[in-house]
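Here is how the chains run, residue by residue.
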Amino acid sequence: MSTLPMEPFSVVQALWRRRDLLRQDEWQELYRRVLALLQGDRPDEAARLPDTLDALQHAWFMERVYLVRCDAAPDDAAVLRQRFRRFLQDQLHRPLPEAEVFNEDWPCSLPAEDDAALRPYGVTGGEVRDAAAAFLRTLPADLLVLLQGYCTPRRRLAPHVAAAHYHGGALGLAHFGSEKHGAAPEVVLPAHADTLLARWLAGTLRRENGLGPGDSAAVRIVLDCLCAMASAPAVDGPDSGSPEHDALTPPLPVVAARLAADGDGAGDGTGSAADWRDTAVPPDALLLFARAEAAAALAQRVPAPGQIHLLTGTRSALGLLLDSWQPERGCWRGRLVTPDASYAGPTDLVIDARDAPVDGRAGLVLGELLYDAAPALLGPCLGVLGPARLQALALHEERGNDGQALPRPGVVARRAVGSDYVLTGTPLFVGDPRATYLRLVSEAASHAGLREVPWEVTARGEAIMAWRWRKVVVIVAVALIGVLAVWLFH
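Residues numbered from 1 in each chain as written. Predicted model: local features only at pLDDT ≥ 70, side-chain atom pairs only at ≥ 80, totals over all residues. Heavy atoms only, no water.

Q: Please give an account of the overall build of the protein chain that cites residues and values.
A: Helix and strand content of the protein chain: 17 helices and nine strands. Counting all 490 residues of the protein chain, 53% fall into the buried class. Taking as baseline every contact in the protein chain between residues at least 6 positions apart, the subset at least 24 positions apart corresponds to 76%. Of the roughly 21600 Å² of accessible surface on the protein chain, 58% is carried by carbon and sulfur atoms. (Helix = DSSP H or I, 4+ residues; strand = E, 2+ residues; numbered from the N terminus. Buried < 20%, exposed > 50% of the residue type's maximum accessible area, 1.4 Å probe, protein only. Contact = heavy atoms within 4.5 Å. Areas by Shrake-Rupley, 256 points an atom, 1.4 Å probe, with all protein chains shown as cover.)

This is the structure we're talking about:
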C-alpha cells in the first residue's frame, strides 16, 4: 500500500459532520479515509480476538460511524484509534467464527424410507444431492450466509448479515413448525411460491404447477439434504465454538455499548494515513451507504403514521415507527425500531427491500415495544412503510406467537400473512439472549425520554384481554346455569 503526504484531517471531520446528508460516493470516501487512518495501529486487544484486524476495523466503522451519527467529529487520528480500541474491548468475549462455504463432498445420504417417499416424483437421492449442490453454487454470498445461519442457528453470521436480511425475502426461507416436519408445511403455502427456494424445490420435485400441501413430506426431505450440504464444514476449516447466541449479530456486548448513554472517548495526538484510495469497501457496506443516500430525501418529512423517525438526544441508533398521534398526551405513539435484524422475535418485523427507500439504521420493528414520544424527540425520517406493509404488520402482531415456529435465535425467515408475507424471528425461550437485548433496548428508550405504553393497551394486548374477559363471562354463565339447574330440579 502506497503512502502519501498527510492530507488535512479536516476532510474527515467535514464528511463526519455531514453523515446524515452524504451521498453513496461520499460515504465510500469517509470509509476509506477513516480505515486508512487506522492502518499501522495494531491494538493489543485485536490480537485476542479471532477476526482479522481488517474485519474488526470494518465492524467498528459500521457500528460507531454509520449507525451512531450523533458523536462529535474526532479531533485527530489518535481519537479515532482510541474509539476503535474501546470497540475492541466490547468484543473480547464474542464467539469464534465459522467457515462461510459449503462442501460439495459432504454426504447427503437418504434413508430407505426417504428414497421411497421421493419415488413418486421420479427423483433419486443422488439427483437431489446434485440439484442441491447446483443451487448452492448459484446463491450470492449474502444469501448463502443467510441459508447457513438458517440451517445451523448457532452459526455466527458474517458482516454480510445486513445485506442478507435486507434481501432475504427473495430466497424464501420459512420458519420451522416442528422438528418432525421442519419448514415444509410453511414453504408450500402460496404466499411463498414466487421465491428462489420454492421454484428450486418445485423444479427438483418436477412439480410444473408448483408445490402443494401434499408435497410437504418430500419438501422436508429435500430441504434436509440442502441444509446438510450448506452447513457442512469446509475441509480443514476452523472449528465452531457454537455458543448459543452465535447467530446474533452484532454480539450483545457490542449492542450494549451502542445503547449505553456515554459517548466514545477522546484523545490527543496526530497520525498520518496510508493512501485512503487503496481501501476496499465491502459489498454490505456499499448496500448500507446506498440505502442512506436513497433515504436522505425523506429526512425532512413532517411526522405522519407509517414513517420511521430516528430518536434525537441518544447515540443508540433507535428509531420509532409512528402509529398514531395522541392528542390528549401531545405525543406520537409507535413501535421501537433498531438496526439489529438478527435479534427478531415472533412478533417483530424485519425491514426488507420491499420497504425501500429506507436507511440502514432501520432494520427491525419491535412489535411489542410500544412507546410514546414527544415531537421534539423525533429526528430525521429514515423510511416509510406503505399501507399494505402496515396491514401485514398488524395481522402479524395480532396472530402473535401461535406456536407454529420453534425457538431458533438469530434465524430470520418468512411467515405467511394471508396472501402476503413478513420476515420475522422465532419465539424466545428461557435464558434467550434476545430477552436481554429487549431489556437493553427498553432501557435505552426510557433514558432517551420515551414513555412505555402498557402492554394491555397494545392491539394484541387488547385482543388477549378481550378473550380473557369472554372466557370469564362464559365460565360465570356456565356456573350460573349449573346453580339454576340444581335449584330447579331440587
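Further notes follow.
Q: Quick rundown of the packing of helix α1 (residues 10–17) against helix α2 (residues 24–38)? Include the residues and the values.
A: Two elements in contact, α1 and α2, have axes separated by 10 Å at closest approach and are oriented at 135°. Relative to α2, the element α1 is oriented oblique. Once α1 is placed against α2, the crossing between them reads as left-handed. Contacts between α1 and α2 involve V11, V12, L15 and W16 from the first element and E26, E29, L30, R33, V34 and L37 from the second. Its residues assigned to classes, the contact of α1 with α2 comprises seven nonpolar, no polar and three charged. (Axes fitted to C-alpha atoms, helices over the stretch in contact; angles between N-to-C directions. Parallel < 35°, antiparallel > 145°, perpendicular 65-115°, else oblique. Left-handed = near helix turned anticlockwise from the far one by under 90°. Nonpolar A, V, L, I, M, F, W, Y, C, P; charged D, E, K, R; others polar.)

Q: Describe the pairing of strand β3 (residues 331–338), naming the residues involved and giving the relevant values.
A: Within β3, eight of the eight residues are buried, which leaves the element mostly enclosed by the surrounding structure. Two strands pair when backbone bridges link them, and strand β2 (residues 319–326) and β3 are joined in this way by seven bridges, in the antiparallel orientation. Counterpart to L320 in the pairing with β3 is L336. The pairing of β3 with strand β5 (residues 364–373) spans six bridges and is antiparallel. Its bridge partner being in β5, R333 is matched across the sheet by D372. (Pairing = 2+ DSSP bridges.)

Q: Account for helix α16 (residues 433–447), with residues named and values stated.
A: Taking 1.5 Å per residue, 15 residues should reach 21 Å; α16 reaches 21 Å between its end C-alpha atoms and fits that length. Of all the residues in α16, the buried ones are P433, R434, Y437, L440, V441, S442, A444 and A445. Following α16 by one or two positions, G449 adopts a phi angle in the positive range, close to 105°. (Expected span 1.5 Å × (residues − 1).)

Q: Can you break down the packing of aromatic side chains residue by residue, with the values?
A: This model, assessed by the stated rule, comprises 12 aromatic pairs. In textbook terms, an aromatic cluster arises when at least three aromatic residues are bridged by ring pairs, as seen for W27, Y31, F61, Y66 and F289. Across from the ring centre of Y66, 4.8 Å away, lies the NZ or CZ of R69, which sits over that ring. (Phe/Tyr/Trp six-rings, centres within 6.5 Å; stacked < 30°, edge-to-face > 60°. Lys NZ or Arg CZ within 6 Å of the ring centre and 35° of its normal.)

Q: Break down the state of the cysteines for me, with residues and values.
A: Disulfides are covalent bonds that link the sulfur atoms of two cysteine residues. Taken as a whole, this structure holds one disulfide when the rule is applied. Paired through a disulfide, C151 and C227 show a sulfur-sulfur distance of 2.1 Å. Disulfide C151-C227: torsion about the S-S bond near -65°, hence left-handed. Separated by 76 residues along the polypeptide, C151 in helix α8 (residues 141–151) and C227 in helix α12 (residues 216–230) bring together distant segments of the chain. Judged by relative accessible area, which is 16%, C151 ranks as buried. (Disulfide = S-S within 2.5 Å.)

Q: Lay out the nonpolar core with the relevant residues and their values.
A: Counting 43 residues, the largest nonpolar core has L118, L147, Y150, L201, L205, V219 and L226 as the members making the most contacts within it. At the level of secondary structure, the elements contributing two or more residues to this core comprise α7 (125–138), α8, α10 (184–187), α11 (196–204) and α12. Once residues within four sequence positions are removed from consideration, L226 is found in contact with A132, F135, L136, L147, L197 and W200. Counting residues in each nonpolar core, the second largest holds 36 residues, with F9, W16, Y31 and L67 among its members. (Core = buried A, V, L, I, M, F, W, Y, C linked by side-chain atoms within 4.5 Å.)

Q: Describe the side chain of D340, listing the residues and the values that go with them.
A: Looking at where D340 falls in the secondary structure, it is placed in the loop between β3 and β4 (349–350). Given the relative accessible area of 4%, D340 is considered buried. With residues near it in sequence (within four places) discarded, D340 still touches P250, V255, R258, L364 and Y437.

Q: Talk me through the pattern of salt bridges; I want residue IDs and the actual numbers.
A: Using the criterion set out here, one finds 26 salt bridges in the structure. A salt bridge links R23 to E26, with the nearest nitrogen and oxygen atoms 3.5 Å apart. Relative accessible area serves as the criterion here: at 40%, R23 is assigned to the partly exposed category. For E26, a relative accessible area of 11% corresponds to the buried category. The partner of D432 in a salt bridge is R434, and the shortest N-O contact between them spans 2.7 Å. There is no split in this pair, since D432 and R434 are both buried. (Salt bridge = Lys/Arg side-chain N within 4 Å of Asp/Glu carboxyl O.)

Q: Give a detailed account of the confidence of the model for the protein chain, specifying residues and quantitative values.
A: Caution applies to low-pLDDT regions: their predicted coordinates should not be interpreted in detail. Overall, the prediction assigns the protein chain a mean pLDDT of 81, with 78% of residues at 70 or greater. Scored below 50 in pLDDT, residues 1–6 shows 14 contacts in the model against residues more than four places distant or in partner chains. With pLDDT under 50 throughout, residues 265–273 is counted as low confidence; its partners more than four residues away or in other chains account for 25 contacts. (pLDDT = per-residue confidence, 0-100.)

Q: Outline the pairing of strand β7 (residues 413–417), listing residues and values.
A: In regular strands, side chains alternate between the two faces of the sheet. Across the five residues of β7, five count as buried, placing the element largely inside the fold. The sheet contact formed by β7 and strand β8 (residues 420–424) spans five bridges and is antiparallel. Bridging across to β8, V417 finds its partner in D420. Remark: two residues form the turn of the hairpin made by β7 and β8, two consecutive strands paired antiparallel; G418 in that turn has positive phi of roughly 65°.

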